[in-house]
Structure formats: C-alpha cells, structure tokens
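Coordinate analysis (summary)
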Amino acid sequence: MDIGLIVFGLAGLLTLVCFMPPLAGRLKLPYSVLLAIVGCLIGIAIHLHGWAPPVLGDLLDTIERFEISSETFLMVFLPVLLFETALSMNVRRLMNDVGPILMMAIVAVVVCTAVVGFTVNAVSDYGLIVCLLLGAIVATTDPAAVIGIFRDVGAPKRLTTLVEGESLFNDAASIALYSVLLAALAGSGELSFSAVFNDFVVHFIGGGIAGWLMGRLACSLFMWLRGFPAAEITLTLTLAYLSFFISEHYLNVSGVVATVVAGLVVGSTGRTRMSPTTFEYLASSWGQFGFWANSLIFVFAAMLIPKLMAAADWQELLLVVVVFFATLFARALVVFGLLPILRVFKIGAEVSNPYKTVMLWGGLRGAVSLALALAVTEQASVPEEARQFIAVATTGFVLATLFINGITLRPLIRVLGLNELSPVERTIRNQALAVALESLQGKTDEIAAEDRVSTEARDRIHAVFDASMASVHDSQVGRMSVEQRTAVGLAIVARREEEVFFDILKAQIVDWRMAEALLARAERLEDAIRQGGIEGFERGIVADVRYSRAFRLALRVHYMFGFQGWLARELSQRFANLQTKRSVAQRLMQFAREQIGPLLGDDAAARIVAAHQRRLDLIDSSLQALNLQYPSYALWLQESYLGRVARELERNRYRDMLDQSLISGEVYADLLEQLKGRWAHIDRHPPLDIELGAAELIKRVPLFEGLSAESLRAICKLLKPRLALPEQPVLGYGRQGEEMCFVASGAVTVHLPDNTTIELGSGEFFGELALLGKEALTPNVTSLGYSKLLMLSSRDFHALLAHDADLRERIEVVARQRLRAIEVWKQFSETGEVYPPRNGPASPLPPAPGAGTPAAGTPAAGTPGTSTPGTSTSGTSTPGNSTPGAVPTTDMGI
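Residues numbered from 1 in each chain as written. Predicted model: local features only at pLDDT ≥ 70, side-chain atom pairs only at ≥ 80, totals over all residues. Heavy atoms only, no water.

Moving on, we get to the overall build of the protein. Regarding its fold elements, the protein presents 33 helices and eight strands. Taken across its 894 residues, the protein has 51% of its residues classed as buried. Restricting the contact set of the protein to residue pairs at least 6 apart, pairs at least 24 apart contribute 79%. A total of about 40,300 Å² of accessible surface is found on the protein, and carbon and sulfur atoms cover 60% of it. (Helix = DSSP H or I, 4+ residues; strand = E, 2+ residues; numbered from the N terminus. Buried < 20%, exposed > 50% of the residue type's maximum accessible area, 1.4 Å probe, protein only. Contact = heavy atoms within 4.5 Å. Areas by Shrake-Rupley, 256 points an atom, 1.4 Å probe, with all protein chains shown as cover.)

Below, the structure written as structure tokens:
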C-alpha cells in the first residue's frame, strides 16, 4: 500500500476524531460509545461509498485497504494505552488497594471464564473449550472505556483507582487463559489446571520483574538525558513498546504486566530523575499519545463490527444475551461475595456498597476483547464454526456493554451520589469560595480605581460578588468541629509538603536521591494523616525522624565487619535530609498561619502550627547531636543549601530578563554558563569522615597512657572501633561477659536497676567486671549522642591481659574500686546508710588514671549517685530521668 495513502487515511481519521470529544459532551454520551458509533458508521460507509465525492471516496477506499489485524491492536495501540494509564496512577494509592485490585484483576477473570464457559456450554453445542475461550476473551475490562466516564462525572479517586488498577492488570490474566485455551482448542496444548496456573504465574510475575528492571534502567538513563526534554519523553515512548515486545517475544512473559509496571516505575521514580521541566511536559505529551491511541483503536475495532456481525443469526444473538447476564452474575459473585473476604483478613480497606455497585456495572469491554476475538478468526487451526461463534458473541457482548452499561453508568454514579462532595468537602468548598471572593472583590476595586472604571460598572461587578458570597454564607466552616477542621488542614498541609519537596527538586536544591527519599516520606506522612488524623500525624512525625532501613543495615554491617564507608554515606544523607526537612517544616508552619487560618479558622490553624512545631522540635533534636559531632559538615550543608537557593534565584532573574526582552538569547546562554562556573563548588559533596581509626582513638583513652609502643600496637590490633548512635544500646541486658567497651569520644548513659542513670564520658570504660567474672550488676548502657567506641571481645581481653602485666594491673585496680563501689551502693539501697562511716575512707585504693565512674555505671564509693572525682561526665544520677547535660534525641528506630 502506498505510504502516501496510509498517511492520508490516518490524517483523515484523526481529523474526524478531533471533533468527537466536544460532540460527546454536547450529546451527553461517553466518548468511547460515540467512537464506537462513528466506527460502525465508517465500517458501513466503506462498503457503500459509491455516492461519495472524490476526496471522501478516496479516503474511504484508503481506510478500507488498511490491514487491521489483532497484531495491530496488541502491538501498536495497547502498549500506549497501558503505559499512559499507569504513568498517571499514584503508586501508593494503588498499593493501598492492591488486595481488591488483584482480586478483580485475577480472581474475577478466572470466575468469569468459568461461569461463562459452563453456562454457554450448557445451552449450546459448541464444546466446553470453545465456551471457556469465549469466557476468557470477554473477561477483560477496557481501561479506556471506563476511566473516561469516571473522569467526566468526577467519580471519587479511590473508585477510579480500583477500576483503573483492575483494567490494567486483568489483561494479563485474560491473555494467559486465552493462550492456554487457544492452544488446547488448536490441538497443540494440554488443558489442565496446573498448565493454566503455571503459565499465568510465570507470565504475570515474570512480566512484573521484567517491567520493573526496564523501568529502573530507563530511570537511570534519564540522568544521561537531563536537559533534553524531547529525548527524555521519546525514551518513555520507546520504553512502552520495548517493555511489551521484549517481554512477549524474548522473555516469554506478560508484555501487558511489563508495560504497566514500567509505567508505574517511571511515574513514581522517574519524576525525580528527569529534568524538572520534562516531568511537567510528560503528562501532557502522554495525554496526547493516549488520545491518539484510544481514538484510533476504538474506531478501527468498531469498523470491524459490521463485518463480524454480518453473518450472525438469531441463535447467536440469543447467546450474546446469555453471555451478558452470565458475565454480570460472575462479576457480582466476585464483587459482593469475595471482596468482603479481604476485609476479614485485613487485606486492603473496605469497599463500600455504592463502590461495589459501580464496579459491578462498570465492567465495560472494548478493543482488547475485540482484538482477541479477531485473533481467533485468524487461526486456521480453529474450526470455522467456532471462529464465527466467538467473533459474533464477543462483538455483540462488547456492543451491549458499551451501549447499555456505558450509557447508564453516568446516571448510576449520580444516583448513588458518588459524584457529589461530602458534607465536609462542601463546607470547605464554600469557605474557600467565600475567602477567594472577598479577596478578589478588593482587587477588582483597586483595578477599577486605577483604570477609572465607572461607578455603575463597578457596582454591577460588586453585585455578582455579593450574590455569590450570600449563597455560601449559610454553610460556614464554624459548623465543623475543631478536630474535623484540624484533620482537613493537616491533609492540606501534607499535600503542600509534597509540592514543596518537588519545587525544591526542580530548583536543584537537592539531588534526585534525596528528593526520592523526601517525597516517599511525605507520601507516607499523608497516608498516616488520612488514616488517623492528628493522632496519625503524631505517629508519622516520630516515624519520619527514625533511621531508614538502609541506615540500619549499614550500621549492622559496620558492627559486624567494621566497614565505615556505607555508614558514612548514610549518615551524611540523613544529615542533609533532616536539614531540608527542617527548612520545609518552617515553610509549612508559615503556610498554615497564612492560608489555613482564613480557610479553616484560627483555632484549627493554631493546632496545626503547634503540631508542626512538635515536628520541628523532633527534627532539631535529631540534628543537634549531628551538628555537635560534625560541625564542619553541618556548615557545608548550610552553605550548600543557601548557595543552591541563590543559584536558582539568579537563574530565574536571568529568565525574567529574557522574557522581558532585556537581554538576547545569546546573552542569556552566556550568563547561564557563567552561573554554572560560579556555583560549581556547591555541588562538590565532601565526604563525611567519621574518623574511626583505632590507632587514633586509643590515644583518647587515659587508661592507655604510658604504655609501651609494643603494648599499644597489640591493643590497636584487638580493639574494634565502632560508632554508636543516640539511644542505641551498647551493652544491653544479656550481652555482659561477651565484650567490654572504651568510650573514645562522646558519652554513654548507664541505666541502673533502681531507675537511676549516670553518664560515662570520653576516656572511660565499662563491661570489664563481667569479663573478669566479678559482675554483680547488669546495667543497660545506651549511647548519649554519636559516640565513638572501642570494643574488646572476651577472648581478646584475656589474651591481652595475659601478655601485658602493666595493663592487667591498671584494670584490676579499677575493678577492685568498682566492686567496692557496688558494695557501698547495695548497702545504701538496702539500709539508706553507708559502711564504713562517711568520714572514713571510701575505698581502699585511690582512683586509677582514667578509671572514670566506678562499677560500670554505678556510683562511686562514698556517696551513692555521684561519680568519682576527675571523670568527664556530668556526675549526678537522677531517678527515672536522664543525666543533666544529656543531648536530647528522638532517633529511637535502631
């Protein structure tokens, strides 16, 4: 076929579909239904166009010559439709309802296949395999046919997510069943439960893995294409096709699942890897691609309907009615019978009855079912009678769902009230309208005064504002409780937080790795608010400052193997995250004061600000210990943050000057080059040196002073340097007798059995009594801040003392002193008095150099609760509280 005619035919069809959206709006018809009508009319016209003028006749001749096969639908149009829908989905919302979605996408397909197959087999003589094959074909719902209706009527987001998720994934289950049944019908395969199950599991899971890998690969390639939006968007288009084709033809897994998962990965992760402007263009570009694919696939599929239905007889039409009611019954069985079971096992949130009703009636079929039926007609190995029956039954059923379910779905949603705002949302809408109109009325008065608009014209505009404000005056936000208003305000601020983080990414204030982590945390916090209100927010902000899983794993690797590099990177990443969150938290508090107050009331705004102040306090607490331990790195973080802000302000200023024609494009480009060089230093990330070399750390321990060089070398080989985090257990219960610990820098808190605490500072050690077999107490020891420790195992401890008499004598002196202190402490705990009397000697031995607080955290002999003179700790233990001077912390997640 001449390429010019192909272009002519496609251009003609696209010109025609340009007018379908506004026409569908005027006729109050779903867009998919109108496309089906137009396609049917074109299918009839291409056989009866002798009357048409030359241009129109040539166009119809060209369309008639198009080779519309099942491969055209599945390979050309389906990847674009799937990828476009997946790209726009919120992955977190999808995962929240993954139970119901997979139930409808997998179980519903199997149930529909079985119900339709056995029902049609009972009333016809086509054979069970043919009837099951028909059931698998009609089991898949069409995303394009349903979602457009939902978006037109303003259906709830969760309902849209449920139906979108089902329509995205049920194609894979349907095609897997279709492939096995078609092979069995053609005599080249065996029909068994195990064959169907294995084929589906391999195809579904394999497709998911393939799509995830290709999606992640594309996201990494975005980094190479940053700054070239056209190239980045082109890569997403090729990803849709490559993920489908490679999975189907080379990996023998589901191309449908691979394309969907790749789209989800790009939609969630890719936004932080692309250049900021690209992601803004991406949605509009894919909206255009989806419009073309959706329109053409429906028109082409509908054009086949007259041909497929031409040979239908009344018996086949009656079977179409049977198929329609059988699929409706199967869907009702899953929606009302099986979905509630998920709630019993707490898999996903409960689905309300109005949602279930719309899900039941909204199972529209479309081009995918027609493509699979067309593929059957192309199989010469399938009997002619079976091919005719499947083509007629599928086509008739698709038309029934489009013209019956599709046309009545919009009124059903309205009858159930699912397109209406909740009472709380209506109140917020009215309040927002009142606030906006009041502000705009003042601005229009200013414009009228500046432009000398007549008083009469200004009064007429005033009348419009006054009438609108009077209509919402009776629905004041004050009727809501303060708890309701606070919960709504927190949700608004949470959504604003995501926008702020994305703005920070676009301004290049943070890199994509940090932006990815920050956005994920913000989404989790929004979920916590949506589920628990103010209580959920309180839980969420505590979880928000906890250490990440990667950090905990890096810390474990550090403790097991002494590897510091990974821990240093995670620590620096946490440092930067906390610094950015602190800045954003302050912005959100200002946003709540300025925007939430007028909208929801000052009392609700005050509670929201107070809640975010608690969050800011938690972040400050987490940052305080880091700032004290690593002041140079903290200074660089502040410099980098401020420098990135200054760079963005400078870039925006040059852009404004270009837009106002103050400078030319060449001058603008030169200024940007200078800007890059001027601020290049802020992108050079310095390493966070946690300085945990044993040779350096042992010099900070007074106990080792004066030892020979040989002894120090031997000690250096045995001591294992470790970093302890705030509130991290160092030698907790059950670990005594395994190792002892030296505090090289920082401090630890010893929790005594009587709920008193005491600090051990730099140069002190603990755990030696248990290694000597003389431990009389088992105190719990936690790090007070970021402490650098030297750990010595029991085996190395005894080997070291056996070869170094001088060190052994030093430790035994401290041990005897601490044992005496334990005796005094026990006497005081039991009798309230100390023996010998207070004016007597507190200990038979003077404190050894560097001995520090005696008895592994017990008070020194003499006065219970007071550490030995000369220690570097704060000195006094307080019942039930941490020692004065302790660095506060909230990082409790290790």
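Once that is clear, we can look at the pattern of salt bridges. Counted by the stated rule, this structure contains 18 salt bridges. Across the salt bridge formed by Lys581 and Asp544, the nearest N and O atoms sit 3.2 Å from each other. Note that Lys581 is positioned in helix α25 (residues 565–600) and Asp544 in helix α23 (residues 512–544), a separation of 37 residues in sequence. For Arg678, the salt bridge goes to Glu650, with nearest N and O atoms at 2.4 Å. Of this pair, Arg678 sits in helix α28 (residues 665–678) while Glu650 sits in helix α27 (residues 631–659); the two residues are 28 residues apart in sequence, bridging distant segments of the chain. Several salt bridges converge on common partners, so that one network encompasses Glu497, Arg521, Asp544, Lys581 and Arg615. (Salt bridge = Lys/Arg side-chain N within 4 Å of Asp/Glu carboxyl O.)

What follows deals with the sheet that holds strand β8 (residues 787–793). Pairing is antiparallel in the open sheet, where four strands are placed in the order β1-β8-β3-β6. Each edge of the open sheet is held by one strand with a lone partner, namely β1 (720–724) and β6 (765–766). Across six bridges, the pairing between strand β3 (residues 739–745) and β8 is antiparallel. By the bridge assignment for β8, Glu739 is matched with Ser793. (Pairing = 2+ DSSP bridges.)

Following the criterion strictly, the structure yields 13 aromatic pairs and no others. Plain terms: the ring middles of Phe289 and Trp292 are 6.2 Å apart, the flat faces sit at 45° to each other, and that makes the pair tilted. Taken together, the residues Phe289 and Trp292, both in helix α14 (residues 276–303) and three residues apart, mark about one turn of the helix. The partly exposed category is assigned to Trp292, whose relative accessible area is 37%. Among the aromatic residues, those joined into a ring-pair cluster are Phe83, Trp286, Phe289 and Trp292. (Phe/Tyr/Trp six-rings, centres within 6.5 Å; stacked < 30°, edge-to-face > 60°.)

Take the packing of helix α24 (residues 549–561) against α25 next. Between α24 and α25, whose axes approach to 8 Å, the crossing angle comes to 150°. Taken together, the axis directions place α24 and α25 in an arrangement best described as roughly antiparallel. Considering how the two elements wind past one another, α24 and α25 form a crossing that is left-handed. Along its contact with α24, which presents Ala550, Phe551, Leu553, Ala554, Leu555, Val557 and His558, the element α25 presents Trp566, Leu567, Glu570, Leu571 and Arg574. For the contact of α24 with α25, the per-class residue count stands at nine nonpolar, one polar and two charged. (Axes fitted to C-alpha atoms, helices over the stretch in contact; angles between N-to-C directions. Parallel < 35°, antiparallel > 145°, perpendicular 65-115°, else oblique. Left-handed = near helix turned anticlockwise from the far one by under 90°. Nonpolar A, V, L, I, M, F, W, Y, C, P; charged D, E, K, R; others polar.)

Right, let's talk about the pairing of strand β5 (residues 757–760) for a bit. Regular strands place their side chains on alternate faces of the sheet. Here β5 shows two buried faces, one formed by Thr757 and Glu759 and the other by Ile758 and Leu760. Taken together, the four bridges between strand β4 (residues 748–751) and β5 define a ladder with antiparallel strand orientation. Paired with Val748 across the strands is Leu760, a residue of β5. In this antiparallel pair of consecutive strands, β4 and β5, the connection spans five residues, and Asn755 shows a positive phi of 70°.

The next point concerns a nonpolar patch on the surface. Where nonpolar side chains cluster on the molecular surface, the patch consists of Ile205, Ile209, Trp212 and Leu213 and spans about 420 Å² of accessible area. In this structure, Trp212 sits in helix α11 (residues 193–222). (Patch = residues over 30% accessible without salt bridge, like charges linked within 9 Å, V, L, I, M, F, W, Y side chains within 5 Å.)

Taking strand neighbours across the sheet as the criterion, the four strands line up as β2-β7-β4-β5 in an open arrangement whose pairing is antiparallel. Every interior strand has two partners, whereas the edge strands, β2 (729–731) and β5, have only one. When the angles between neighbouring strand axes are averaged without regard to direction, this sheet yields 35°. By the bridge criterion, two bridges tie β2 to strand β7 (residues 780–783) in an arrangement that is antiparallel. If you follow Leu731 over to β7, its bridge partner there is Val781.

Further remarks concern the side chain of Glu648. Mapped onto the secondary structure, Glu648 falls in helix α27. A distance of 2.5 Å separates the side chain of Glu648 from the side chain of Arg651, its partner in a polar contact. (Polar contact = N/O pair within 3.5 Å; in protein donor to acceptor, adjacent residues only side chain to side chain.)

Attention now moves to the side chain of Glu232. With respect to the element layout, Glu232 can be found in helix α12 (residues 229–249). A relative accessible area of 0% places Glu232 in the buried class. If we skip the residues at most four places from it in the chain, Glu232 touches Phe222, Leu225, Arg226, Gly227, Met274, Ser275 and Thr278.

Looking now at the nonpolar core. Ranked by size, the top nonpolar core spans 139 residues in total, and within it Phe73, Leu133, Phe169, Phe300 and Phe389 carry the most contacts. It is helix α10 (residues 157–186) that provides the largest number of residues to this core, a total of 15 residues. Two domains share this core, each providing at least three of its residues, namely domain 1 (3–65) and domain 2 (70–416). In contact with Leu133, other than residues within four places in its own chain, are Tyr178, Leu181, Leu182, Leu185, Val376 and Ile390. (Core = buried A, V, L, I, M, F, W, Y, C linked by side-chain atoms within 4.5 Å. Domains from an automatic or database assignment.)

In this structure, Met303 sits in helix α14. Linking Met303 and Ile63, residues 240 residues apart in sequence, is a C-alpha distance of 9.7 Å. Beyond its immediate stretch of four places on either side in the chain, Met303 contacts Gly39, Ile42, Gly43, Ile63 and Ile68.

Time to look at helix α19 (residues 384–415). Between its first and last C-alpha, α19 extends 45 Å over 32 residues, near the 46 Å set by a 1.5 Å rise per residue. Once α19 ends, the next one or two residues include Gly417, with phi positive near 75°. (Expected span 1.5 Å × (residues − 1).)

A contiguous patch of positive charge, built from Arg524, Arg546, Arg549 and Arg552, is present on the exposed surface. Looking at where Arg549 falls in the secondary structure, it is placed in helix α24. (Lys, Arg positive; Asp, Glu negative; His and termini not counted. Charge placed at Lys NZ, Arg CZ, Asp CG, Glu CD.)

Turning our attention to unusual backbone geometry. Phi at Asn252 takes a positive value of approximately 55°, unusual for a residue other than glycine. Tracing the sequence through the fold places Asn252 in the loop between α12 and α13 (255–273). Looking at Asn252, the relative accessible area reads 52%, which means it is exposed. The phi angle at Arg452 is positive, at roughly 55°, despite the residue not being glycine. Tracing the chain through its elements places Arg452 in the loop between α20 (423–450) and α21 (455–471).

Our focus in this paragraph is the packing of α13 against α23. Where α13 contacts α23, the axes come no closer than 8 Å and their chain directions differ by 135°. With respect to α23, the axis of α13 lies oblique. α13 and α23 meet at a crossing whose hand is right-handed. Between α13 and α23, the contacting residues are Thr269, Arg271, Thr272 and Arg273 on the first element and Trp512, Ala515, Glu516, Leu519 and Glu523 on the second. Grouping the amino acids of the contact of α13 with α23 by side-chain chemistry returns three nonpolar, two polar and four charged.

Taking every second residue as pointing to the same face, both faces of β7 are buried, with Asn780 and Thr782 on one and Val781 and Ser783 on the other. As judged from the four bridges shared by β4 and β7, these two strands associate in the antiparallel manner. Across the sheet, residue Val748 finds its bridge partner in β7, namely Ser783.

Let us look at the confidence of the model for the protein. Across the protein, the average pLDDT comes to 80, with 87% of residues at or above 70. No element of the protein has a lower mean pLDDT than helix α9 (residues 143–153), at 67, and none a higher one than α12, at 93. (pLDDT = per-residue confidence, 0-100.)

Here Val110 shows up in helix α7 (residues 98–123). Val110 sits in the partly exposed class, given a relative accessible area of 45%. Spatially, the C-alpha atoms of Val110 and Asn170 are 9.9 Å apart, while their sequence positions differ by 60 residues.

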